[in-house]
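Single-letter residue listing:
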Amino acid sequence: MAVWLQAGLWGLLAGAALVVGAAVAWFAQVPRRVVASVMAFGAGVLISALAFDLVDEAETKGGLLPTIIGFLGGAAAYVVANVILARRGARHRKRSEGQQPSEAQQQGSGAAIAIGALLDGIPESVVLGLSLLGGHGIGVAVLVAIFISNLPEGLSSVAGMKRSGRSAQYVFGVWGGIALASGAAGLLGVVFLQGASPVAVAIITAVAAGAILAMVADTMIPEAFERTHLYTGLIATIGFIVSFAVERL
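Residues numbered from 1 in each chain as written. Predicted model: local features only at pLDDT ≥ 70, side-chain atom pairs only at ≥ 80, totals over all residues. Heavy atoms only, no water.

- With an unreviewed UniProt entry as reference, the protein is termed ZIP family zinc transporter, source organism Kribbella qitaiheensis.

1. Description of the side chain of Ser149
- Note on placement: Ser149 falls in helix H5 (residues 140–163).
- A residue is classified by how much of its surface remains accessible, and Ser149, at 0% relative accessible area, is buried.
- Of note is the side chain of Ser149, whose polar atom sits 3.0 Å from the backbone oxygen of Ile146.
- When near neighbours in sequence (up to four residues on either side) are disregarded, Ser149 contacts Gly42, Leu46, Glu124 and Met220. (Helix = DSSP H or I, 4+ residues; strand = E, 2+ residues; numbered from the N terminus. Buried < 20%, exposed > 50% of the residue type's maximum accessible area, 1.4 Å probe, protein only. Polar contact = N/O pair within 3.5 Å; in protein donor to acceptor, adjacent residues only side chain to side chain. Contact = heavy atoms within 4.5 Å.)

2. Looking at the UniProt feature "transmembrane region" (unreviewed entry) in the protein
- With numbering aligned to this structure, UniProt lists the feature "transmembrane region" (unreviewed entry) at residues 6–27, 34–52, 64–85, 126–148, 168–192, 199–217 and 229–246.
- The span residues 64–85 is 100% helix and 0% strand, and its two end C-alpha atoms sit 32 Å from each other.
- Here residues 229–246 is 83% helix and 0% strand, with 27 Å between the C-alpha atoms at its ends. (UniProt positions renumbered as here; feature names shortened; annotations may be inferred.)

3. Focus on the pattern of salt bridges
- A full pass over the atoms with the stated rule returns one salt bridge.
- Between Lys61 and Glu57 there is a salt bridge; the shortest N-O distance is 2.8 Å. One end of the pair is Lys61 and the other is Glu57, both in helix H2 (residues 32–62) and four residues apart, which spans about a single turn.
- In this structure Glu57 comes out as partly exposed when scored by relative accessible area, which is 33%. (Salt bridge = Lys/Arg side-chain N within 4 Å of Asp/Glu carboxyl O.)

Following this line, the structure appears as structure tokens:
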């Protein structure tokens, strides 16, 4: 199977976890503390994958300075985009309580939430695709980290959407579209960077990694802390070491 097609399918699989989480939250009442605990675990898993897979690999292939520049640039770009979207109603897109505004409360918030969710998912899919370029198959630790973190993202965000009065058509249209966009992002990342120099691939990987870390800090950890409070650190640590073990095994 062509590498670009593999990248698209793996990105779609990772994005599908959002749809699964969305369906669970829409049709079942999941205790908010459970959602927050899984969110904290997912945050730890992602941070571990960033440290031991993405950033480490970027530095090995591209050097320290390009990795630092790419990493900080990705984080800065994410934060700027996130600030703009937050002012349009997407600030609490991953929150399960009643923080998300309805369309009546803030016009255009529905579109902002959808774009914000897309902003959160694209960097993850890009790094999945890039992990295939080394010729060693999919990065299992990165795939597991993204899949595990996407489940509670879908759960938490859709719980908030439901409380704010969003329709099922809107909710599943958003998450289904993001799953497809995740597949497309993984595919396009490979198409455009296949044959690129290791330094170029390393810089793009670092940019995506920086954006993912900013997303974890800005959206996942606050939601987790709201319910798990002082246990957030412990749960995230467990997620970190589980991901580290998967990477080493």
